[in-house]
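# Descriptive structure summary
Given next are the chains, with one letter for each unit.
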Amino acid sequence: MDKEAAETARESLELVFRMSNILETGLDRHTLSVLIALCDLGLNPETLAAVVKELRQESGTNQGSSSSSLT
C-alpha cells in the first residue's frame, strides 16, 4: 500500500470510529478495522452486525451468570 492509500485508510477508519462513537456502538478502532476488512472481502455487513450482536448477548449472559454465581 502506498503512502497516500495508507493515509486515506487511516482517515476513513477515523471517520468510521467517530460515527461509531456517535451511535454509541462501543466498538473500538481495531474491531471496526476488522469488520471493515471482512466487508472488503465480501462478507455481508448485515450478517456481521448480527454476529456482533449475538456475541455481545452471549458475552453479557456469560458475565451475568459468572457474577451471580460469585455471590
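To keep things clear, this report deals only with the structure shown in the data block. Predicted, not measured: the structure shown is a model, and the values here were computed from it. (Residues numbered from 1 in each chain as written. Predicted model: local features only at pLDDT ≥ 70, side-chain atom pairs only at ≥ 80, totals over all residues. Heavy atoms only, no water.)

## So, the nonpolar core
Ranked by size, the top nonpolar core spans five residues in total: Phe17, Leu27, Leu32, Leu35 and Leu48. In this structure, Leu32 is in contact with Leu13, Val16, Phe17, Ser20 and Leu27, ignoring residues within four places of it in sequence. (Core = buried A, V, L, I, M, F, W, Y, C linked by side-chain atoms within 4.5 Å. Buried < 20%, exposed > 50% of the residue type's maximum accessible area, 1.4 Å probe, protein only. Contact = heavy atoms within 4.5 Å.)

## Structural notes on helix α1 (residues 3–22)
Along its 20 residues, α1 runs 29 Å from first to last C-alpha, staying within 8% of the 28 Å computed at 1.5 Å per residue. Among all positions of α1, only Ala6, Phe17 and Ser20 are buried. In a view along the axis of α1, the buried residues occupy a sector of 60°, so they form one face of it. In α1, the exposed positions that point more than 90 degrees away from the buried face belong to Glu4, Leu15, Arg18 and Ile22. Among the structural elements, α2 (29–40) are those in contact with the buried residues of α1. Of the residues that open α1, the one with a side-chain oxygen 3.3 Å from the backbone nitrogen of Glu4 is Asp2. Following α1 by one or two positions, Glu24 has its phi on the positive side, about 55°. (Helix = DSSP H or I, 4+ residues; strand = E, 2+ residues; numbered from the N terminus. Expected span 1.5 Å × (residues − 1). Arc of directions from axis to C-beta. Polar contact = N/O pair within 3.5 Å; in protein donor to acceptor, adjacent residues only side chain to side chain.)

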